[in-house]
Amino acid sequence: MKLLHIDSSILGDNSASRQLSAGVVKAWQAAQPGVEVTYRDLASEGISHFSGASLGALGTAAELRDAAQQHEAQLSASSLAEFLAADAIVVGAPMYNFTIPTQLKAWIDRIAVAGQTFRYTEAGPEGLCGNKKVIIVSTSGGLHAGQATGAAHEGYLKLLFGFLGITDIEIVRAEGLAYGDEVRSKSLSDANALINEQLFAAA
């Protein structure tokens, strides 16, 4: 069992999404002691925004003369390889300005690759990753679940992973984190209860 753990918050140890995603991984390891975890911190690794240069870097590193392009090619290749190898993915996804962090979007641009994670057919697009499970750790300062304001956050991530063929998607949500200490504490407590009492109860 290979588990890919992705964090994207820029807040370091103060991040609610990082604390909760670590809790998911810890609970998973307790339920399945043999799980092999690969961790990627998108905020510290600096995957660049998708651009013409990064698109060109999708060639093999050996074909590229520019050192920055070689690094970009290696980073893109390793991100895709980790995703393809994973049986499950835990994604820490805080909301910034009604959407996901740009660091997380840059990673998505490296793993959403035609011919690798999806393909186009005469009948339309087909996801190639249907054997994977995704747990999205969603955090936000306000209340957006089920609202139009959440469409570019949770809604986008569910759409994206669904496009890749993944239907086994669960959400661990902590919202209203900026609504005062009482609301924040209850939201985090409820999220932790979901992780520890429900997600792995049948494992």
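Residues numbered from 1 in each chain as written. Predicted model: local features only at pLDDT ≥ 70, side-chain atom pairs only at ≥ 80, totals over all residues. Heavy atoms only, no water.

### Observations regarding the UniProt feature "binding site: FMN" (unreviewed entry) in the protein chain
No. 1: When the UniProt feature table is mapped onto this chain, "binding site: FMN" (unreviewed entry) is found at Ser-9, Ser-15, Ala-16, Ser-17, Met-95, Tyr-96, Asn-97, Phe-98, Thr-139, Ser-140, Gly-141 and Gly-142.
No. 2: Mapping Ser-9 onto the fold places it in the loop between strand E1 (2-7) and helix H1 (16-31).
No. 3: Of the residues examined, Ser-9 reaches a relative accessible area of 1% and is grouped as buried.
No. 4: Residues contacting Ser-9, with those up to four places away along its chain left out, are Ser-15, Ser-17, Arg-18, Ala-43, Pro-94 and Tyr-96. (UniProt positions renumbered as here; feature names shortened; annotations may be inferred. Helix = DSSP H or I, 4+ residues; strand = E, 2+ residues; numbered from the N terminus. Buried < 20%, exposed > 50% of the residue type's maximum accessible area, 1.4 Å probe, protein only. Contact = heavy atoms within 4.5 Å.)

### Things to note about the nonpolar core
No. 1: Counting residues in hydrophobic clusters, the biggest one holds 25 residues, and the most contacted among them are Phe-83, Ile-89, Leu-104, Trp-107, Leu-157, Phe-161 and Leu-164.
No. 2: Elements that contribute at least two residues to this core include exactly E1, helix H4 (67-85), strand E3 (88-94), helix H5 (102-111), strand E6 (133-139) and helix H6 (151-163).
No. 3: Setting aside its immediate chain neighbours within four residues, Phe-161 contacts Phe-83, Val-91, Trp-107, Val-134, Ile-136, Ile-166 and Ile-169.
No. 4: Counting 20 residues, the second-largest nonpolar core is a separate cluster that includes Leu-3, Ala-16, Ala-88 and Phe-200. (Core = buried A, V, L, I, M, F, W, Y, C linked by side-chain atoms within 4.5 Å.)

### Points about the pattern of salt bridges
No. 1: By the definition in use, this model includes ten salt bridges.
No. 2: Of the charged contacts in the structure, one is a salt bridge between Asp-109 and Lys-105, with a shortest N-O distance of 2.7 Å. Linking Asp-109 with Lys-105, this pair stays in helix H5, spanning four residues, or about one helical turn.
No. 3: The exposure class of Asp-109 is buried, given its relative accessible area of 18%.
No. 4: Among the ionic pairs, Asp-168 bridges to Lys-133, the shortest N-O distance being 3.1 Å. Of this pair, Asp-168 sits in strand E7 (residues 168-174) while Lys-133 sits in strand E6, placing them 35 residues apart in sequence.
No. 5: Overall, Asp-168 belongs to the partly exposed group, its relative accessible area being 35%.
No. 6: The exposure class of Lys-133 is buried, given its relative accessible area of 17%.
No. 7: Bridged by salt links that share partners, the residues Asp-7, Arg-18 and Asp-41 form one connected network. (Salt bridge = Lys/Arg side-chain N within 4 Å of Asp/Glu carboxyl O.)

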